[in-house]
Amino acid sequence: MKDFAKSRRGFLKTTGAMAGGFLLCPRGILAQTKEPIQYSEPAVSPSESAAADYTLHIETSPVEIAPKRIISITTYNGQFPGPLLRFKEGQQVTVDVFNDTDTPEQLHWHGQKIPTDVDGAAEEGTPFIPAHGKRRIVFTPRPAGLRFYHTHNRAGANLAAGQYSGQVGPVYIEPKQEPGRYDREVFLVLKEFEPTFSRGGDMAMDFLSPPTRVKSLEQAGESAMKASIAKGMPHGYEVGYGSFTINGRMLGHGEPIRVKQGERVLFHILNGSATEIRSLTLPGHSFQVVALDGNPVPNPAQVPVLWLGTAERISAIVEMNHPGVWIIGDLADDDRRHGMGSVVEYAGRGGQPKWIAPAPFHWDYARFAKVGATAPSPDETIEMIFAKDNAAEEGFNRWTINGVAFPMSNEMIPASFHLKEGKRYRIRMRNASDDIHPIHLHRHSFELTSLAGKPTAGILKDVVMLGGYQEAEVDFIADNPGLTLFHCHQQLHMDYGFMTLFDYAA
């Protein structure tokens, strides 16, 4: 499955702020973050003279991911992950962002329904945070649930830029009603570091269900790849990693997640990777999934394994009913041995942490759907086909939507799709490549309405994994006017063409 050595798939107590720990929050307690990040009531009319609710510094920092293993990365506030920011739904906040680097930056508020000028995407017209400059951002957080913030700069061939860096931090927007009964929260950010380029390498995708492929898409994709190889083209570049972390610490080198028997712990898990799909399991336990991408699911269900595409989030309750010392980690042995895991330690228990691989399990979003429901008919259906031009951009794969690659310049371009406010749109996505694509729509949530030809309803997300040679449909309401970016959240893909824009017609 791999042809390179380094795998391709690859806070803290409320009183602390050292990167590499776990953010443990008793229910109802606001997490405190490293000074000068503090929670306070926002000003009614924020101005540059008024104090911000939060302050973030973009800066290059040394981060110790294991004893005597220090990496230099761009971070928020000198730590990885960036500080947990807790907002209240519908209550305006002010965030000062200082860019202490030599490069203009974008800070994207992923999964929030906010205007284009603060969304954090140059393609939509958000102003850059200037190098060695500052920008004050004011917005009203919504919707509730687990969101996050991250850089939205393109990286191209620069493996120190974009989301290859450490510019990732969790956001929790407190809902009016919490999703289920639990005793406390634990936030986990999954992330790889020390990236390197390699050629080719297949991505595991047999975990997705339904597994149905569309024969015509497979024939087109395989034919295009064979023709490219026949012309002497190499496989396009991919990215592998040397180290794998949870909350910035490699397995065995961070503080354990300490639990007590009988506790119900709400895990908020974020895949902060630039390129990788991640899995997570805790031997002897199951996860009751209560929210996907921060949105409560209609049918909370117990699963033994979680799968998260790039930028996906899962909130799941675990009943601590199997005392011991366990490894919570990725199913991929190589990735876990190189750091993608942590230790869960029950009170009064000691010894070496144990890992037990679970039985095979297929990830099906529809498991959490509204049983027997049917999605409303859309006002309009937008057809999209995704394709790969192997090694077409100086050795990198070029990605297209309906045959068009998004320009690699930072100049704004006209939108390709035009919406009318208030209408319901269905995007029918067809993947003519063998890669899984984590598809993201900015400034909106969408409803999953069909997965590999199987109708579904009720699940709201902002990222969905589309399997190789598969098709899926998602619906959204055009209720947040302005330019809206749509793209694959895999950094290599979005950098090399896999983006497009919607706008709202008068």
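Along every chain, residues carry numbers that run from 1 in the direction the sequence is written. Predicted model: local features are reported for residues with pLDDT of at least 70 only, side-chain atom pairs are reported and counted for 80 or more only, and whole-chain, interface and lining totals are derived from all residues. The side-chain figures draw on all heavy atoms in the structure; neither hydrogens nor water molecules are used.

A.B. asks: Just to check I follow, could you spell out the sheet that holds strand β9 (residues 168-174) for this structure?
C.D. replies: What links the strands of a sheet is backbone hydrogen bonding, and the strands pair in either a parallel or an antiparallel sense. Judged by pairing direction, the sheet is mixed, and its 4 strands sit side by side in the order β4-β9-β8-β6 without closing on themselves. One side of each edge strand has no neighbouring strand; the edge strands of this open sheet are β4 (85-88) and β6 (107-110). Strand-to-strand, the axes of this sheet are offset by a mean angle of 25°, without reference to chain direction. Only strands that DSSP links by at least two bridges are regarded as paired with each other. The secondary structure listing takes helices from DSSP runs of H or I that are at least 4 residues long and strands from runs of E that are at least 2 residues long, numbered from the N terminus. Strand direction decides the pairing type here: β6 and strand β8 (residues 145-151), joined by 4 bridges, are antiparallel. In the strand pairing of β8, Trp109 is matched with Tyr149. A fitted line through C-alpha atoms serves as each axis, taken over the contacting stretch for helices, and the angle formed by two N-to-C directions is quoted from 0 to 180°.

A.B. asks: Help me out: how do you make sense of the pairing of strand β20 (residues 341-346) in this one?
C.D. replies: Remark: a regular strand shows side chains that alternate across the two faces of the sheet. Here's how the labels work: a residue is buried when its accessible area is under 20% of the maximum for its type, exposed when over 50%, partly exposed in between, all with a 1.4 Å probe on protein chains only. For β20, the buried fraction is high: 5 of the 6 residues fall into the buried class. Direction of pairing for strand β19 (residues 325-329) relative to β20: antiparallel, over a ladder of 5 bridges. Counterpart to Val325 in the pairing with β20 is Glu345.

A.B. asks: Teacher, can you tell me more about the confidence of the model for the chain here?
C.D. replies: Any segment with low pLDDT has predicted coordinates that should not be analysed in fine detail. The predictor rates its confidence in each residue with pLDDT, a number between 0 and 100. With 89% of its residues at a pLDDT of 70 or more, the chain has an overall mean of 90. Residue contacts are counted whenever heavy atoms from the two residues lie within 4.5 Å of one another. Considering only residues more than four positions removed or in separate chains, one finds that residues 1-21, a stretch of pLDDT under 50, has 88 contacts. Every residue in residues 26-46 is under pLDDT 50, and counting partners more than four places away or in other chains gives 57 contacts.

A.B. asks: How do you make sense of the nonpolar core when you look at a structure like this?
C.D. replies: As a rule of thumb, nonpolar side chains are buried together in soluble globular proteins. In these notes, a set of buried Ala, Val, Leu, Ile, Met, Phe, Trp, Tyr and Cys residues joined through side-chain atoms within 4.5 Å is what counts as a nonpolar core. Ranked by internal contacts, the top residues of the largest apolar core, which has 80 residues, are Phe267, Trp363, Met429, Phe486 and Phe502. No other element matches strand β11 (residues 237-246), which puts 4 residues into this core. Membership of the second largest hydrophobic core comes to 20 residues, among which are Val93, Val95, Ala144 and Val171.

A.B. asks: Which parts of the structure should I look at to understand empty space enclosed by the protein?
C.D. replies: If a probe as big as a water molecule is rolled over the atoms, it shows which places are left empty. The distinction between a cavity and a pocket rests on a 1 Å grid over the protein atoms alone: a 1.4 Å probe fits inside a cavity but cannot get out, while a pocket stays open yet meets protein on both sides within 12 Å along at least five of seven lines, and a residue with an atom within 4 Å of a point counts as lining. Grid points are joined across faces, edges and corners, and a volume is the space filled by probe spheres set on the points. Put simply, the largest cavity is a space of about 100 Å³. Lining the largest cavity, in full, are Leu208, Ser209, Pro210, Tyr365, Leu451, Ala452, Met465, Leu466, Gly467, Gln470, Glu471 and Ala472. Going through the elements one at a time, β29 (463-466) and β30 (471-477) are the ones with two or more residues in the lining of the largest cavity. Residues that form the lining of the largest cavity fall into these classes: 8 nonpolar, 3 polar and 1 charged. Each pocket or cavity is described by its volume, and for the second largest cavity that value is around 50 Å³. Along its surface, the second largest cavity is lined by Tyr237, Glu238, Phe396, Asn397, Trp399, Leu492, His493 and Tyr496. Looking at the lining of the second largest cavity, the elements with two or more residues in it are β11, β22 (396-401) and α4 (491-495). Three classes are used: nonpolar for Ala, Val, Leu, Ile, Met, Phe, Trp, Tyr, Cys and Pro, charged for Asp, Glu, Lys and Arg, and polar for all others, with Gly counted as polar. Residue composition of the lining of the second largest cavity, grouped by class: 5 nonpolar, 2 polar and 1 charged.

A.B. asks: Looking at this model, I keep getting lost on the pattern of salt bridges. Mind explaining?
C.D. replies: A side chain with one charge can pair with a side chain of the opposite charge if their charged atoms come near. Salt bridges are identified by distance alone: a Lys or Arg side-chain nitrogen within 4 Å of an Asp or Glu carboxyl oxygen. A full pass over the atoms with the stated rule returns 34 salt bridges. In this structure, the salt-bridge partner of Glu64 is Arg249, at a minimum N-O distance of 3.4 Å. Here the residue Glu64 occupies a position in strand β2 (residues 54-66), and Arg249 occupies one in the loop between β11 and β12 (257-259), the gap between them amounting to 185 residues. For Arg424, the salt bridge is made with Glu447, and the minimal N-O distance between the two is 2.8 Å. In this pair, Arg424 is assigned in strand β24 (residues 424-431) and Glu447 in strand β26 (residues 446-451), connecting sequence segments 23 residues apart.

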